[in-house]
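# Observations on chain architecture
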Amino acid sequence: MAINDIHTPVLLERCIELLAPAVSHEGAVLIDATLGMAGHAEAMLERFPLLTLIGLDRDLDALDIAQERLERFGSRARFVKAVYDDIDEAAEELGFPQVDGILFDLGVSSLQLDRTERGFSYSQDAPLDMRMDASSELTAETILATYDEVALRKIFWEYGDEKLAQRYARRIVEERQQRPLTSSGQLVELIDRATPAAARRTGHPAKRVFQALRIEVNAELSVLEAAVPRALDLLRVGGRIVFLSYQSLEDRIVKRELQTRAKSTTPAGLPVELPEHSAELKLLVKGAELATEAEIDENPRAKPVRLRAAERLRRPA
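Residues numbered from 1 in each chain as written. Predicted model: local features only at pLDDT ≥ 70, side-chain atom pairs only at ≥ 80, totals over all residues. Heavy atoms only, no water.

Under an unreviewed UniProt entry, the name given to the protein chain is Ribosomal RNA small subunit methyltransferase H, and the organism recorded is Plantibacter cousiniae. Turning to the protein chain, the UniProt annotation filed under Sequence similarities (unreviewed entry) states: "Belongs to the methyltransferase superfamily. RsmH family." Quoted verbatim from the Subcellular location (unreviewed entry) heading of the UniProt record, the comment on the protein chain is "Cytoplasm". (UniProt positions renumbered as here; feature names shortened; annotations may be inferred.)

This is the structure we're talking about:
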């Protein structure tokens, strides 16, 4: 299967439209902080022939695919194996203390979902892995084998918004005393048996548990909390940043930081705004923008997306 046949970038044209004013000039630098299979990156390099792109990803499989896909762009495409909370260090090591544009396409990638052996999907049986970086130690299997009931309940509730978190955590602890949980099929079966008919909601009952495990394995929320301010500080004046979030926990982190920096901090009662207290950012979309019905029909993975974008107005004092 060709690379272009296995990945449809989410909200591609909208991302290009929002980033274009910042990255269309000579010498412009854009960081794709979640490179994946480089769908967004390829389109940006094609549309903006004067652009240099830095692609970050923790997944070596994704980096291999991206390097093959972007090979024709030569030195205009740079690649770094890194988690995106190291975005500032990665840029500086390549000689770019400031950049013109940044794109975050958060969550699990199409590559990770589509490769059964990675264990991200509840719809196919596979080892309970869920690591975005195969060299890291923590796996979903380890969590299910070693976390106590309280810890399991906490991650299912906080990261999956799972109302049956306590019930599932207790059943997992009981089950592992009889046999180890090593495959996604075992976990799905356990959750299915533990879910009362009256409590079944739209979608598979395992969906939220798998999301919670994936977030815990990859420390996704703590990484994002560190990455957002570092990314914003990398932007030069006039630079733009776009975030694509796929669940409310991610979107909340992004929203909080963008809104904080888009407000003046001039003390109340002063007759004029102090320049050093003026807003650092201008928000480019009102609230969170959703995919259109047409976009969702073309690419069902766009359905949960929430887009936010901002432009830097001034550097921090």
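What follows picks up the thread again.
### So, the overall build of the protein chain
From N to C terminus, the protein chain includes 13 helices and seven strands. Over its C-alpha trace the protein chain gives a radius of gyration of 21 Å, about what one expects of a compact globule, namely 20 Å for 317 residues. The C-alpha extent of the protein chain, read off along each of the three principal axes, is 65 × 55 × 40 Å. Counting across all 317 residues of the protein chain, residues that qualify as buried make up 52%. In the protein chain, of all internal contacts separated by at least 6 residues, the share reaching a separation of at least 24 is 70%. Only carbon and sulfur atoms are counted for the fraction: they give 49% of the accessible area of the protein chain, which is about 14900 Å². Across the protein chain, the centroid of the 42 positively charged side chains sits 6 Å from that of the 53 negatively charged ones. (Helix = DSSP H or I, 4+ residues; strand = E, 2+ residues; numbered from the N terminus. Rg over C-alpha atoms; globule rule 2.2 N^0.38 Å. Buried < 20%, exposed > 50% of the residue type's maximum accessible area, 1.4 Å probe, protein only. Contact = heavy atoms within 4.5 Å. Areas by Shrake-Rupley, 256 points an atom, 1.4 Å probe, with all protein chains shown as cover. Lys, Arg positive; Asp, Glu negative; His and termini not counted. Charge placed at Lys NZ, Arg CZ, Asp CG, Glu CD.)

### Concerning the packing of helix α7 (residues 149–160) against helix α8 (residues 165–176)
Following both chains from N to C, one finds α7 and α8 inclined at 140°, their axes separated by 8 Å at the closest point. Taken together, the axis directions place α7 and α8 in an arrangement best described as oblique. When the axes of α7 and α8 are compared, the crossing they make is right-handed. Contacts between α7 and α8 involve E149, L152, R153, F156 and W157 from the former and A165, Q166, Y168, A169, R170, I172, V173 and R176 from the latter. Broken down by class, the residue content of the contact of α7 with α8 amounts to eight nonpolar, one polar and four charged. (Axes fitted to C-alpha atoms, helices over the stretch in contact; angles between N-to-C directions. Parallel < 35°, antiparallel > 145°, perpendicular 65-115°, else oblique. Left-handed = near helix turned anticlockwise from the far one by under 90°. Nonpolar A, V, L, I, M, F, W, Y, C, P; charged D, E, K, R; others polar.)

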